[in-house]
Amino acid sequence: MLVSKSTPFIKLKNLKIKPDIFEKIPAKVACHYKVMPIKFEKNTLIVAIEDPLNLMVLDDISLFLGFKIVPVCASLSDILEAIKEYYGLGAETIEEIIGAGDMDKDLPAQKAGIENIDEMAQDASVVKFVNQMLAQAVKDDATDIHIEPYENELRARYRVDGILYDVAIPQNITYFKSAIVSRIKIMADLDIAERRLPQDGRIKIKVSGQEIDLRVSILPTQFGESIDIRILISSMLYSLENLGLSPADIELLEKLIKKPHGIIFITGPTGGGKTTTLYACLSKINNKDKKIITIEDPIEYQLKGITQIQVHPKIRLDFAAGLRSMLRHDPDIMMVGEVRDFETAEITIRVALTGHLVFSTLHTNDAAGGVTRLLDMGVEPYLVASSVECFIAQRLVRVICPDCKTRIGPNEEILKEFGIDNIDNGKIYEAKGCKSCKFTGYKGRTAIYEFLIMKDEIREMVLNRSSSSEIKNKALELGMRTLRMDGLKKIKKGLTTFNEVIRVTKED
């Protein structure tokens, strides 16, 4: 980088640029020349540029805008981040469409309620904008992309480490929301003419040489079609050792998954990592002498050597129907994506009692709640007591960013909430926030677990229809560690924070 002695070097992330300043330069000019306007006074525009001695670029911008240009020096990465933050993702692409006259061409059709969907969706600029949005989501380690239409705007959000963040996009993107939806539908091989019914599809893309599966869900709303894109990266599949389990829990889980029969239930909310844990368990025991069949809704990852079935309710292929057919294929191990009703629960339990190892999930707040959930469905207590080997509750907590973590002293109020007086043999850290973690203080996630082993005392309580709180108290007496207790261990290791564990767990 060439810098003269009289040219100051600035950090753009420390500046707050007003809209009337960055609007002085169109997005396509800022992106093309890689400059960022930061101040305007007396017909003079101060711009940040990587090479302030590049007079040709400065003269071009001055001639185009009619202003005197004064350069300051900034790093190229800071300039590109500032362009994305202030102009919005793909702003230059949208300006190209408008500049080509496509906006004027589309607006009358929109007012009349008639759109040439094929023509709009195939427009190279719309394709480029959608690709930019997908690539940026992968770069930001997002798990979901939400594209939501409202009356006078189109909103885009990424879910990163379980939290939703707004994506800066140009305001005039709302003119092209139908074209963007149509482009995504074409990529997912969906019906672009159908706008009244929900649709689901899949897309395969390659970003930076990495193959990525996208699960697309289209939902019709009052002001257009809302889109959720789930990003599934095969390399994200974990082994048991990478799930966040303690060595003792790994040893316990390995014993459970090697049992010849019985059910292992994993409980927790949607997005809590249950499927990842199930896949890690199946991968651990997957070998040539085992026949493994799964029935899922939807299939998130393709597992080599495992037969996977997709649920199709429209043709009456639900979990219960799939389970019956799976039994005729001589399986050793089966996975049922979710037990939602009495029929599925009863068949799953009877399958386990006939000599099969079954994995499945339930939506409950804790491990003990899995017992009462099955009983509430109408399953007989003796069936639950005789078939289930373990209930595992889990949550995902964000990991403190290693680049900005700071050691702090214990807070008495928080310690009281955890039911402890002090922290022994541990270091407490808090999240400060830096550029590496996009100033969130967190980077990545790990899991916390609660294992309820069905020991004889617990089975007897199930037969007596004891409440979940009574079962939990007995399990604690027998050595069970709650979600918060496991979270506390990760706090002591400096992996996460008190606030994060409190956020994802209910009060014990």
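Described in the following lines is the structure provided in the data block. What you see is a predicted model; the values in this text were computed from it and never measured.

Thresholds, definitions, all that
- Residues numbered from 1 in each chain as written.
- Predicted model: local features only at pLDDT ≥ 70, side-chain atom pairs only at ≥ 80, totals over all residues.
- Heavy atoms only, no water.
- Axes fitted to C-alpha atoms, helices over the stretch in contact; angles between N-to-C directions.
- Helix = DSSP H or I, 4+ residues; strand = E, 2+ residues; numbered from the N terminus.
- Parallel < 35°, antiparallel > 145°, perpendicular 65-115°, else oblique.
- Left-handed = near helix turned anticlockwise from the far one by under 90°.
- Contact = heavy atoms within 4.5 Å.
- Nonpolar A, V, L, I, M, F, W, Y, C, P; charged D, E, K, R; others polar.
- Pairing = 2+ DSSP bridges.
- Core = buried A, V, L, I, M, F, W, Y, C linked by side-chain atoms within 4.5 Å.
- Buried < 20%, exposed > 50% of the residue type's maximum accessible area, 1.4 Å probe, protein only.
- Salt bridge = Lys/Arg side-chain N within 4 Å of Asp/Glu carboxyl O.
- Phe/Tyr/Trp six-rings, centres within 6.5 Å; stacked < 30°, edge-to-face > 60°.
- Lys NZ or Arg CZ within 6 Å of the ring centre and 35° of its normal.
- Disulfide = S-S within 2.5 Å.
- Arc of directions from axis to C-beta.

Considerations on the packing of helix α12 (residues 319–327) against helix α13 (residues 342–353)
Running from N to C, α12 and α13 cross one another at 20°; their axes reach a closest spacing of 8 Å. If you check the angle between α12 and α13, you find them roughly parallel. When the axes of α12 and α13 are compared, the crossing they make is left-handed. The segment α12 lies against α13, with Phe319, Ala320, Leu323, Arg324 and Leu327 engaging Glu343, Thr344, Ile347, Thr348 and Val351. Its residues assigned to classes, the contact of α12 with α13 shows 6 nonpolar, 2 polar and 2 charged.

Remarks on the sheet that holds strand β3 (residues 68–73)
Either a parallel or an antiparallel arrangement is found when strands of a sheet pair, and the pairing is made through backbone hydrogen bonds. Taken in spatial order, the 3 strands of this open sheet run β1-β2-β3, and their pairing is mixed. Both outer strands of the open sheet, β1 (35–41) and β3, are each paired with one neighbouring strand and no more. Going from strand to strand, the sheet's axes swing by 30° on average, the running direction of each strand aside. Relative to β3, strand β2 (residues 44–49) is paired through 6 bridges, and the arrangement is parallel. Bridge assignment links Ala48 to a residue of β3, and that residue is Val72. This element, helix α3 (residues 55–65), spans β1, β2 and β3 of the sheet and lies at about 140° to β3. Docked against the sheet, helix α4 (residues 76–87) engages β1 and β2, running at close to 70° with respect to β1.

As for the nonpolar core
It is characteristic of soluble globular proteins that their nonpolar side chains tend to be buried jointly. By size, the foremost hydrophobic cluster in this structure holds 44 residues, and its most contacted members are Phe265, Leu374, Val384, Phe391, Leu452, Val462 and Ile471. In terms of residues, this core owes the most to one element, α13, which gives 5 residues. If we skip the residues at most four places from it in the chain, Phe265 touches Val339, Ser360, Thr361, Leu362, Leu374, Val388, Cys390, Phe391 and Ile392. Membership of the second largest hydrophobic core comes to 36 residues, among which are Ala142, Ile169, Ile180 and Ile227.

A closer look at the side chain of Thr277
Note on placement: Thr277 falls in helix α11 (residues 274–285). Look at Thr277 and you get buried, because its relative accessible area is 2%.

Examining the pattern of salt bridges
Inspection of every chain in the model, using the stated rule, returns 27 salt bridges. Between Asp140 and Lys438 there is a salt bridge whose closest N-O contact spans 3.5 Å. Of this pair, Asp140 sits in the loop between α8 (124–139) and β4 (144–149) while Lys438 sits in the loop between β17 (429–431) and β18 (442–453); the two residues are 298 residues apart in sequence, bridging distant segments of the chain. Two residues, Arg196 and Glu194, come together in a salt bridge whose shortest N-O distance is 3.5 Å. A residue is classified by how much of its surface remains accessible, and Glu194, at 15% relative accessible area, is buried. The network of salt bridges with shared partners includes Asp144, Arg215, Arg230 and Glu300.

Concerning the environment of Ile264
If you trace the backbone, Ile264 turns up in strand β10 (residues 262–267). Residue Ile264 is classed as buried on the basis of its relative accessible area of 1%. With 95 residues separating them along the chain, Ile264 and Phe359 place their C-alpha atoms 5.0 Å apart. Discounting residues that sit within four places of it in the chain, Ile264 has contacts with Leu256, Ile257, Leu357, Val358, Phe359, Ser360, Cys390 and Ile392.

Regarding the sheet that holds strand β13 (residues 333–336)
A sheet is described by the order of its strands in space; here 7 strands give the open sequence β12-β11-β13-β14-β10-β15-β18, paired in mixed fashion. Strand pairing shows two members of the sheet lacking a second neighbour, β12 (307–310) and β18, which therefore form its edges. In this sheet, neighbouring strand axes are inclined to one another by 20° on average, regardless of whether the strands run parallel or antiparallel. In this sheet, strand β14 (residues 357–362) lies alongside β13 in parallel orientation, the contact comprising 4 bridges.

As for the environment of Gly201
Tracing the chain through its elements places Gly201 in strand β7 (residues 199–207). Counting along the chain gives 28 residues from Gly201 to Ile229, while the straight-line C-alpha distance between them is 9.6 Å.

Side note on the packing of aromatic side chains
Tallied over the entire structure, the rule returns 5 aromatic pairs. Their ring planes at 10° and their centres at 5.5 Å tell us that Phe265 and Phe391 sit as a pair that is stacked. Residue Phe265 is located in strand β10, and its partner Phe391 is located in strand β15 (residues 388–400); the two are separated by 126 residues in the primary sequence. The residues Phe265 and Phe391 share a single accessibility class, namely buried. Judged by centre distance (5.9 Å) and plane angle (75°), the rings of Tyr279 and Tyr301 are edge-to-face. Remark: Tyr301 occurs in the loop between β11 (292–296) and β12 and Tyr279 occurs in helix α11; sequence separation between them is 22 residues. This pair shows no difference in class: Tyr279 is buried, exactly as Tyr301 is. Its guanidinium or amino end placed over the ring of Phe40, Lys24 lies 4.3 Å from that ring's centre, counting from NZ or CZ. Taking NZ or CZ as reference, Lys405 lies 4.5 Å from the ring centre of Tyr429, over its face.

A short note on the state of the cysteines
By definition, a disulfide is the covalent link that joins the sulfur atoms of two cysteine residues. Enumeration according to the criterion identifies 0 disulfides in this entry. For Cys437, which is in no disulfide, the shortest distance to another cysteine sulfur is to Cys434 and amounts to 3.8 Å. A relative accessible area of 5% means that Cys437 is categorised as buried.

Quick look at α12
An α-helical turn contains 3.6 residues, so a residue and the one three or four places further along point in the same direction. All buried positions along α12 are accounted for by Phe319, Ala320, Gly322, Leu323 and Met326. Along α12, the residues classed as buried sweep out an arc of 160° about the axis, all on the same side. Against the buried residues of α12 lie β11, β12, β13 and α13.

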